Amino acid sequence: MNLDFGSYPVRLTCSPEKGRYFLAKSDIKVGEVVLKCLPLATAPFDNHKKRYCYTCNLYNSSSAFSYHCVSCDQAYFCSLECYKNDSNVLAKHELICNISRKIATWRADKHMKSVIRLLVQILLEYLCEEKNDDNEPKNDILRNYFKDFLLLKSHYSDWSTNLKQDWMKHKKFLLSIFKSSNLIQENIEFEEFLHMISRIESNGFGMYYQSKGREILFGRAIYPFASFFNHSCDANCDALQPNYKGENNQVDNANSEGCIAIESVQTDINLNTLIKKKEIFRKVEFIALHNIKEGEELTISYIEDTHSPLQARRQKLMNDYYFLCKCDRCKSEETKINGKRFKGLKKYRGNKEFQ
Ligand SMILES: C[S@@+](CC[C@H](N)C(=O)[O-])C[C@H]1O[C@@H](n2cnc3c(N)ncnc32)[C@H](O)[C@@H]1O
């Protein structure tokens, strides 16, 4: 696979055990930025939509924004500038205004709704990419495209029968609203649609804000290139979101919703300052946690509690991400445990009662 990661010190490799993953292309110093990308798409959870700006991705934890699309009531804007001046955003929103309204009244659980909302945004990017030639990155921040989303790992084949059935119940409704909005083709198989859902679940990053020292998850984002970081229980990189002041805040990678966490510790906001400052928030950057040698694997942690025992960590990753962790730490702990079992077995056999 020939992907261009610009001047970032990463290259992609692959193993049968862990799929594709990043290696350091050169020596990397502690604190160095390893990769930076813009989101392909973001979506706040339903109860946070009024505090999330549809245009610039700003989150205001203290109060709801007043500018919004009156037709669907699903897109909110932090300022007149974000609401009015960017006609491109409004024209884009027009394309999904109808489907957004239908999803708002759809009787499904919160998780399904949040994944479907993000899928709408991802497919909207695809529609607009097709019409837009302006696809070149404008600076050192990598931009991702729909085709990159399609490269992501799907664990649909590992889904339980119950989970597949839960989605099947909504097949008719989902296919009809996506087709009538021209977001998917008439002849798409529902399985293909579910693969896209699975890609979101296995590769989505959480969006957080900080309140009283706690990180609160308020939505999900997709950064296809960032998804090539494999997990390690002893990661050498961390994901950050520069906040609205342009500062970086450490990521916790906390996650109870099956999305890899990135953190922008965004405190309350002075909207007056922001109105003047047009910026797209929720970029992600990955930094090295210590010096890394050329050829080393670059990893992040998908889970918060890396202090828990091997079994608990693996269980969490299996439940949330459908994979058995084969990171170096897990493999070495597994070898130690197996070594102990082996000794126990020999002792047992030596017991006269069993001879
Ligand atoms: C976000 S993607 C990472 C990129 C992925 N390896 C690929 O080829 O697209 C997450 C998936 O990578 C694989 N993966 C990530 N970390 C792993 C690990 N420590 N051990 C085994 N598989 C891992 C799992 O299949 C997981 O669902």
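Starting from 1, residues in each chain are numbered consecutively following that chain's sequence as written. Whole-chain, interface and lining totals are the exception, using all residues; otherwise, since this is a predicted model, local features are given only for residues with pLDDT of at least 70 and side-chain atom pairs are given and counted only at 80 or more. To obtain the side-chain values, all non-hydrogen atoms of the structure were used and water was disregarded.

Under an unreviewed UniProt entry, the name given to the protein chain is SET domain-containing protein, and the source organism is Rhizophagus irregularis.

### A look at the sheet that holds strand S3 (residues 33-37)
Between any two strands, pairing holds if DSSP finds at least two bridges. Labels follow the DSSP assignment, with helices taken as runs of H or I lasting at least four residues and strands as runs of E lasting at least two, numbered in each case from the N terminus. Across the sheet, which stays open at both edges, the 3 strands sit in the order S3-S12-S10 with antiparallel pairing between neighbours. The sheet is open, and its two borders are formed by S3 and strand S10 (237-240), each paired with just one other strand. Looking at each pair of strands side by side, their axes are set apart by 15° on average, direction ignored. The pairing of S10 with strand S12 (residues 284-288) spans 4 bridges and is antiparallel. What sits directly across from aspartate 238, in S12, is isoleucine 287. Helix axes are fitted only over the stretch in contact, all axes being lines through C-alpha atoms; the angle between N-to-C directions runs from 0 to 180 degrees.

### Some remarks on the sheet that holds strand S1 (residues 10-15)
With mixed pairing, 4 strands are arranged side by side in an open sheet as S1-S2-S13-S9. Looking at which strands have only one partner, the edges of the open sheet turn out to be S1 and strand S9 (230-231). Pairing of S1 with strand S2 (residues 19-24) involves 6 bridges; the strand directions are antiparallel. Paired with arginine 11 across the bridge in S2 is leucine 23.

### What to know about the pattern of salt bridges
Salt bridge, as used here: a side-chain nitrogen of Lys or Arg that lies within 4 Å of a carboxyl oxygen of Asp or Glu. Scanning all chains against the criterion turns up 12 salt bridges. Here glutamate 285 makes a salt bridge to lysine 36, at a shortest N to O gap of 3.9 Å. Linking glutamate 285 in strand S12 with lysine 36 in strand S3, this pair joins segments that are 249 residues apart in sequence. Residues aspartate 148 and lysine 147 are paired through a salt bridge, measuring 3.7 Å at the closest nitrogen-oxygen approach. Through salt bridges that share partners, Asp46, Lys49 and Arg117 make up one connected network.

### A short note on the environment of glutamate 189
Here glutamate 189 shows up in the loop between helix H6 (171-180) and helix H7 (190-203). Sequence separation of glutamate 189 and leucine 175 is 14 residues, and the distance between their C-alpha atoms is 9.1 Å.

### Looking at the site of the ligand
Near the ligand you find 18 residues, and of these Arg20, His155, Asn230, His231 and Lys326 are the closest. In the analysis that follows, any N or O atom pair within 3.5 Å is treated as a polar contact, provided that within protein one partner can donate a hydrogen and the other can accept it, and provided that, for residues neighboring in sequence, both atoms belong to side chains. With respect to the ligand, the backbone of lysine 18 contributes an N or O atom lying 2.9 Å from a nitrogen atom. Between the ligand and asparagine 230, the relevant distance is 2.8 Å, taken from a nitrogen atom to a side-chain nitrogen or oxygen of the residue. Relative to its unbound accessible area of 560 Å², the ligand is 96% covered by the protein chains. Assessed atom by atom at 2 Å from the grid points, the ligand resides in the second largest pocket. Listed by contribution, the elements that provide at least two residues to the shell around the ligand are S2, H7 and S9. Gly is placed with the polar residues, together with every amino acid not listed as nonpolar (Ala, Val, Leu, Ile, Met, Phe, Trp, Tyr, Cys and Pro) or charged (Asp, Glu, Lys and Arg). Split by residue class, the shell around the ligand holds 7 nonpolar, 7 polar and 4 charged. Near, as used in this document, describes a residue that has one of its heavy atoms within 4 Å of the molecule or strand being considered. Surface exposure here means Shrake-Rupley accessible area, sampled with a 1.4 Å probe, where a residue is shielded only by the protein chains that are shown. The distinction between a cavity and a pocket rests on a 1 Å grid over the protein atoms alone: a 1.4 Å probe fits inside a cavity but cannot get out, while a pocket stays open yet meets protein on both sides within 12 Å along at least five of seven lines, and a residue with an atom within 4 Å of a point counts as lining. What decides whether a molecule sits in a cavity or pocket is whether more than half of its atoms lie within 2 Å of the grid points.

### Some details on the environment of alanine 41
Looking at where alanine 41 falls in the secondary structure, it is placed in strand S4 (residues 41-44). C-alpha separation for the pair alanine 41 and leucine 124, spaced 83 residues apart in sequence, amounts to 8.9 Å. By the convention used here, residues are in contact when the closest approach between their heavy atoms is within 4.5 Å. Discounting residues that sit within four places of it in the chain, alanine 41 has contacts with Leu118, Gln121, Ile122, Ala221 and Ile222.

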